[in-house]
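Examination of the molecular architecture
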Amino acid sequence: RRAALAAGTLLVVTGLGSASFTLPGCRGAPLPRTRLAAEVTGRTRPAQKPPGIWFAKPEGTWPPSPDEFKYGWNSELGKWQDLPNDMILKWWQKPGYLTPNGYKRPPMWSKKTYALALEEMKYGYIEAMYVQDLKRRGMTIEQIRAKASVYEFIENPSRQPMTDKMRFLLQVKMLHKGKEEELIDIEEESKREYEEYLARR
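Note that the coordinates shown come from a computational prediction; the quantities given were computed from them, not determined experimentally.

Time to look at the confidence of the model for the protein. Scored by pLDDT, the protein has a mean of 76; 63% of the residues are at 70 or more. The least confident element of the protein, judged by mean pLDDT, is strand S1 (residues 11–14) at 40; the most confident is helix H2 (residues 111–136) at 94. Note that residues 1–23 has pLDDT below 50 and, in this model, 26 contacts with residues that lie over four places away or in other chains.

Written out as structure tokens, the structure is:
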């Protein structure tokens, strides 16, 4: 600072898009100019395709039956024929408890969809606990699915209908509780469970 004051005045010239520094009494070109801001050109760039390999959702069941696709050893061709790998859904593209059509993008790309995925994970843990307890009672997964399928639910028409996974979760829950009624009103059952919860407190 003392050297600058002794030499003269320090002149600093700044601009919106560039900056240059010049010392009085110094010969030669000023210091190189540095870009500080981006220029607005008015041009746009199309949205980037998300990373990963994207496949179309299959319309039928997966894997296909042997009549639909011959896989394994093919005697006619004389070679091993594998299953096609271009119709496999990723886990977040499959229907969930709260998402009947899955997610359009990986849920971790957004805070909103990530929170929704965590909520669905909780339902998955609850279903697993019910199924494991029923298995400890001596039931197989085939018996659980068969006995749980008899339960039907009355839903509120003004609300969004339940997904298939959420319906199966409630069916397993009713089976675990040993419900005798096969036709159950969702709202009445929720009120009854809430009253029982308050009575236990």
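Bringing the packing of aromatic side chains into the picture now. Overall, the coordinates contain 1 aromatic pair when judged by the stated rule. For the cation-ring pair, Lys165 lies above Tyr97, with the distance from its terminal atom to the ring centre recorded as 4.7 Å.

Let's shift gears to the nonpolar core. Core analysis: the largest hydrophobic core is formed by 16 residues, its most contacted members being Leu134, Ile144, Tyr151, Phe153, Val172 and Leu175. Broken down by secondary-structure element, the contributors of at least two residues to this core are H2, helix H3 (141–148) and helix H4 (164–177). The dominant element in this core, judged by the number of residues it contributes, is H4, at 6 residues. When near neighbours in sequence (up to four residues on either side) are disregarded, Phe153 contacts Met162, Arg167, Leu170, Gln171, Met174, Leu183, Ile184 and Ile186.

So, about H4. For H4, spanning 14 residues, the distance from its first C-alpha to its last is 20 Å, which sits close to the expected 20 Å at 1.5 Å a residue. As for H4, its buried residues are in contact with H2, H3, strand S6 (152–154), strand S7 (183–185) and helix H5 (186–200). Backbone geometry just downstream of H4 places Gly178 in the positive-phi region, at approximately 75°.

With that settled, consider the pattern of salt bridges. For the structure shown, the criterion picks out 10 salt bridges. When the shortest N-O distance is used, the salt bridge between Glu193 and Lys173 registers 3.0 Å. Of the two residues, Glu193 is situated in helix H5 and Lys173 in helix H4; the sequence distance between them amounts to 20 residues. By relative accessible area, Glu193 is classed as partly exposed at 23%. Each of Lys173, Lys177, Lys179, Glu189, Arg192 and Glu193 takes part in salt bridges that share partners, so that together they form one network.

This brings us to the side chain of Thr163. Looking at where Thr163 falls in the secondary structure, it is placed in the loop between S6 and H4. A polar contact of 2.7 Å, which involves the side chain of Thr163, links it to the backbone oxygen of Tyr97. Sequence-distant contacts of Thr163, defined by excluding residues within four places in its chain, comprise Gly96, Tyr97, Leu98, Thr99 and Pro100.

Glancing now at the side chain of Gln171. Within the fold, Gln171 resides in helix H4. Residues contacting Gln171, with those up to four places away along its chain left out, are Ala148, Ser149, Tyr151 and Phe153.

It is worth spelling out H2 at this point. Over its 26 residues, H2 extends 38 Å from the first C-alpha to the last, a length consistent with the 38 Å expected when each residue adds 1.5 Å. When H2 is considered as a whole, its buried residues turn out to be Ala117, Glu120, Glu127, Val131, Asp133 and Leu134. If you follow the buried residues of H2, they end up packed against H3 and H4. Where H2 begins, the side chain of Ser110 points an oxygen toward the backbone nitrogen of Lys112, at a separation of 3.3 Å. Looking one or two places after H2, you find Gly138, whose phi comes out positive at around 110°.

Rules used in this analysis
- Residues numbered from 1 in each chain as written.
- Predicted model: local features only at pLDDT ≥ 70, side-chain atom pairs only at ≥ 80, totals over all residues.
- Heavy atoms only, no water.
- pLDDT = per-residue confidence, 0-100.
- Helix = DSSP H or I, 4+ residues; strand = E, 2+ residues; numbered from the N terminus.
- Contact = heavy atoms within 4.5 Å.
- Phe/Tyr/Trp six-rings, centres within 6.5 Å; stacked < 30°, edge-to-face > 60°.
- Lys NZ or Arg CZ within 6 Å of the ring centre and 35° of its normal.
- Core = buried A, V, L, I, M, F, W, Y, C linked by side-chain atoms within 4.5 Å.
- Buried < 20%, exposed > 50% of the residue type's maximum accessible area, 1.4 Å probe, protein only.
- Expected span 1.5 Å × (residues − 1).
- Salt bridge = Lys/Arg side-chain N within 4 Å of Asp/Glu carboxyl O.
- Polar contact = N/O pair within 3.5 Å; in protein donor to acceptor, adjacent residues only side chain to side chain.

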